Amino acid sequence: INVSFFDVFEQDGVQWLTTDTLLEQEEVVERATRKARAPWSGFWYVTAGAESDVPWADLRDLGYVVASGGKWYSDGLARLSVGDRVFFYQKNTGYLGFGVVTHAIQPADDYVLADGRRLVEAAPRDYFTEFGDDPEKRAYVIGVDWKVTFDRTSAKTFTGVFANQNIACKLYDERTVDFLTGAFGLSQGGDEE
């Protein structure tokens, strides 16, 4: 935030308006950038919608996160790489899982579980098939090895916890990271304690 000062004066019958600021604009930009966000925690936020859209039991038991409906959604999963550490948030519930990405993004109907079954056969859900073969809207998944999970009745949350509409994004919010690492029994490095 900066302050502007205005001065009105008259010279030779012409009125002039001058302005000055308390801080130079470069200093304002530097201060705003410096305070805008904490450093990246090394954790990712992932979501898949509400329970009515994508049941948590499917994600937890079969080890995946899904996105469908358009590139805006699937591109979120495409940001993730094998080895990334993720916290799963369910809309209207809270944080339910912490895990490590095991498989990069791929179409849901191509995804094969560790036991050799195809995901779409193990969990025959409408969200896998609702957009058919449309490459823009079809369902895409990443594989996740869930390290710590909670039932929906024990979701981890607090007023002001970080959550947003992105399917996947880097987790910067320090309060949320501190809360989650404690609630999930992790060290700041992301290892189970």
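Residues numbered from 1 in each chain as written. Predicted model: local features only at pLDDT ≥ 70, side-chain atom pairs only at ≥ 80, totals over all residues. Heavy atoms only, no water.

1. Description of the pattern of salt bridges
No. 1: Applying the stated criterion to the full structure yields nine salt bridges.
No. 2: For Glu-51, the salt bridge identified is with Arg-152, shortest N-O distance 3.2 Å. Of this pair, Glu-51 sits in the loop between β3 (43-47) and α2 (56-62) while Arg-152 is found in the loop between β7 (140-149) and β8 (168-170), placing the two residues 101 residues apart along the sequence.
No. 3: The residue Asp-115 makes a salt bridge to Arg-117 at a minimum N-O spacing of 2.8 Å.
No. 4: Linked through salt bridges whose partners overlap, the residues forming this network are Arg-60, Asp-61 and Asp-151. (Salt bridge = Lys/Arg side-chain N within 4 Å of Asp/Glu carboxyl O. Helix = DSSP H or I, 4+ residues; strand = E, 2+ residues; numbered from the N terminus.)

2. A short note on the sheet that holds strand β4 (residues 64-67)
In a beta sheet, neighbouring strands pair by backbone hydrogen bonds and run either parallel or antiparallel.
No. 1: Taken together, the six strands give an open sheet; going across it, the order is β4-β7-β6-β5-β3-β8, and neighbouring strands pair in mixed fashion. Each of the sheet's edge strands pairs with one partner strand only, and the pair in question is β4 and β8. Strand-to-strand twist across the sheet, computed as the mean angle between neighbouring axes with direction ignored, equals 40°.
No. 2: The sheet strands contacting helix α3 (residues 71-78) are β4, β6 (94-107), β7 and β8, and the helix crosses β4 at an angle near 150°. (Pairing = 2+ DSSP bridges. Axes fitted to C-alpha atoms, helices over the stretch in contact; angles between N-to-C directions. Contact = heavy atoms within 4.5 Å.)

3. Thoughts on the packing of aromatic side chains
Each aromatic ring pair is described using two quantities: the centre-to-centre distance and the angle formed by the ring planes.
No. 1: Throughout the structure, instances matching the rule amount to 18 aromatic pairs.
No. 2: Summarising the aromatic geometry, the rings of Tyr-45 and Phe-162 are spaced 5.2 Å apart at their centres and angled 85° between planes, so their arrangement reads as edge-to-face. Here Tyr-45 is found in strand β3, whereas its partner Phe-162 is found in the loop between β7 and β8, with 117 residues between them in sequence.
No. 3: Over the ring of Phe-150 we find Lys-156, and its NZ or CZ is 4.3 Å from the ring centre. (Phe/Tyr/Trp six-rings, centres within 6.5 Å; stacked < 30°, edge-to-face > 60°. Lys NZ or Arg CZ within 6 Å of the ring centre and 35° of its normal.)

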